[in-house]
Amino acid sequence: MPIKSVTYLLEAQSIDMGGFPVKQAFPTQNIQQIDPFLLLHHASAKFSSHRPAKSQGVGPHPHRGFSPVTFVVEGQVHHRDSRGNSQIAGTGEVQWMHAGMGIVHSERPSEELAQSRGRQEIVQLWINSPAAHKMEKPEYWYLSREDMPVILSEDQKVQTKLIAGEYAGQMGKIPPKSPLLVMWGQAETGGHASLTIPQDFNSMLYLIKGNMRLVTYGLVDPEHLMVFGMEGDQIEMEFHSEAQFLLLCGKAIEEEVSRYGPYVMNNQTEILEAMRDYQMGKMGILIEEE
């Protein structure tokens, strides 16, 4: 089966997000989206024991029209939202939220992590929703380590967790709003893995940490995003150290996209409606009591 070629190699660049330093792999000046994916951020933070956890991290803010997904690489993330969800996700776990018609949420460290002055490392991915789903009721899913089916490489050295979509006869627990394949891999030194990409899916691979060689391309350093062309259906990886990666594949939605801050809609009128609805309290109110 033909091996996919790399169209772009994008290094995650440091940016300031309202006082929080993050690495942004995309969008870039030249690549606004990789349909249906909108954004990939990689962030690390250490917390203080001198302040409560609910005054640290990212405070309440709204979203509409897409799914923000948080992969907890290290530490803990306490998600709260205006729909009453309150959940702590730990290392190796995932929080997936379909913002739909609008929701307010916060992402804080857990109290335990703050008091121990612990470190948090996350990757956050934004996935667009088709117009038909943008104004649905918001939904939230928490995936523990046990909730994710695992695909093992032939040499048993690469474990890839299935988060959304179908692979090798297994189904991810997340019901996506458009056809997706989202996987989170962890490799031992010397591991080799070959993964199959569905036909007609845009695909990319983000190397979170470690060093790898992509067959037919070459060596790849951590915090780089590989965007693949449409031809072929195989990705072959060799790992020169312990590593983690995200494989992100999706069928293009092919709709107009209008973005403003935390809102992703199809036109500017819908963006203005989102801003108005948030100001009027229609996305709910989040009071972080616990």
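Quick look at the structure, then.

What counts, and at which threshold
- Residues numbered from 1 in each chain as written.
- Predicted model: local features only at pLDDT ≥ 70, side-chain atom pairs only at ≥ 80, totals over all residues.
- Heavy atoms only, no water.
- Helix = DSSP H or I, 4+ residues; strand = E, 2+ residues; numbered from the N terminus.
- Rg over C-alpha atoms; globule rule 2.2 N^0.38 Å.
- Buried < 20%, exposed > 50% of the residue type's maximum accessible area, 1.4 Å probe, protein only.
- Contact = heavy atoms within 4.5 Å.
- Areas by Shrake-Rupley, 256 points an atom, 1.4 Å probe, with all protein chains shown as cover.
- Lys, Arg positive; Asp, Glu negative; His and termini not counted.
- Charge placed at Lys NZ, Arg CZ, Asp CG, Glu CD.
- Salt bridge = Lys/Arg side-chain N within 4 Å of Asp/Glu carboxyl O.
- Core = buried A, V, L, I, M, F, W, Y, C linked by side-chain atoms within 4.5 Å.
- Expected span 1.5 Å × (residues − 1).
- Arc of directions from axis to C-beta.
- Polar contact = N/O pair within 3.5 Å; in protein donor to acceptor, adjacent residues only side chain to side chain.
- Patch = residues over 30% accessible without salt bridge, like charges linked within 9 Å, V, L, I, M, F, W, Y side chains within 5 Å.
- Pairing = 2+ DSSP bridges.
- Axes fitted to C-alpha atoms, helices over the stretch in contact; angles between N-to-C directions.
- Phe/Tyr/Trp six-rings, centres within 6.5 Å; stacked < 30°, edge-to-face > 60°.
- Lys NZ or Arg CZ within 6 Å of the ring centre and 35° of its normal.

Our next topic: the overall build of the protein. Across its full length, the protein holds two helices and 26 strands. In terms of C-alpha radius of gyration, the protein reaches 19 Å, essentially the compact-globule figure of 19 Å for 290 residues. With the principal axes as the frame, the protein shows a C-alpha extent of 55 × 45 × 35 Å. With 290 residues in all, the protein has 54% of them scored as buried. Restricting to contacts in the protein with at least 6 residues of sequence separation, those with at least 24 account for 72%. Total accessible area on the protein is roughly 13000 Å²; 49% of this is exposed by carbon and sulfur atoms. Placing the 24 positive and 35 negative side-chain charges of the protein at their respective mean positions leaves the two points 7 Å apart.

What follows concerns the pattern of salt bridges. Taken as a whole and assessed by the stated rule, the structure comprises 14 salt bridges. The partner of E238 in a salt bridge is R213, with the nearest N and O atoms 3.2 Å apart. A residue pair is termed long-range when its members are at least 10 positions apart, and E238 in strand 23 (residues 234-239) and R213 in strand 20 (residues 212-214) qualify at 25 residues. When its relative accessible area of 27% is taken as the criterion, E238 is described as partly exposed. Linked through salt bridges whose partners overlap, the residues forming this network are R64, R276, D277 and K282.

Core analysis: the largest hydrophobic core is formed by 32 residues, its most contacted members being F71, W96, I163 and L225. One finds I151, L181, V220 and C249 within the second-largest nonpolar core, a separate group that totals 26 residues.

Glancing now at helix 2 (residues 268-279). Relative to the 16 Å expected for 12 residues at 1.5 Å per residue, helix 2 spans 17 Å between its end C-alpha atoms, a close match to the ideal helical length. Regarding helix 2, the residues found buried are I271, A274 and D277. Buried residues of helix 2, seen end-on, are gathered within an arc of 125° and therefore sit on one face of the element. Exposed side chains of helix 2 directed beyond 90 degrees from the buried face belong to T269, L272 and Q279. Looking at the packing, one finds that the buried side of helix 2 touches strand 25 (258-260) and strand 26 (263-265). A distance of 3.2 Å separates the backbone nitrogen of T269 from a side-chain oxygen at the start of helix 2, and that oxygen is part of N267. Looking one or two residues beyond helix 2, the residue adopting positive phi is G281, at roughly 80°.

All right, on to a nonpolar patch on the surface then. On the surface, a cluster of nonpolar side chains totalling about 240 Å² of accessible area is made up of M17, F20 and V58. In this structure, F20 sits in strand 3 (residues 20-26).

The next point concerns the sheet that holds strand 20. Here four strands make up an open sheet; going across it, the order is 18-23-20-21 and the pairing antiparallel. The open sheet has two edge strands, strand 18 (192-196) and strand 21 (218-220), and neither has a second partner. Here the average twist between neighbouring strands, direction ignored, is 30°. Bridge analysis of strand 20 against strand 23 gives three bridges, and the strand direction is antiparallel. The residue bridging R213 from the neighbouring strand is E238, located in strand 23.

Within the open sheet, the seven strands sit side by side as 1-22-19-24-17-14-13. Their pairing is antiparallel. In this open sheet, the two strands that pair with only one neighbour each are strand 1 (6-11) and strand 13 (150-152). The sheet shows a mean angle of 20° between the axes of neighbouring strands, direction not considered. For strand 19 (residues 201-209) and strand 22 (residues 224-228), the ladder comprises four bridges, and the chain directions are antiparallel.

So, about the side chain of S178. You can see S178 is positioned in the loop between strand 16 (170-171) and strand 17 (180-187). For S178, a relative accessible area of 9% puts it in the buried group. Not counting residues up to four positions away in its chain, the partners in contact with S178 are P36, P130 and I253.

What follows deals with the packing of aromatic side chains. Scanning the entire structure with this criterion turns up three aromatic pairs. Consider the rings of F66 and W126, whose centres lie 4.4 Å apart with planes at 35°: the pair is tilted. Taken as a pair, F66 in strand 6 (residues 66-74) and W126 in strand 11 (residues 119-128) lie far apart in primary sequence, 60 residues in all. Residue classification places W126 among the buried residues on the basis of a relative accessible area of 10%. The ring of W184 carries K161 above its face, with NZ or CZ at 3.9 Å from the centroid.

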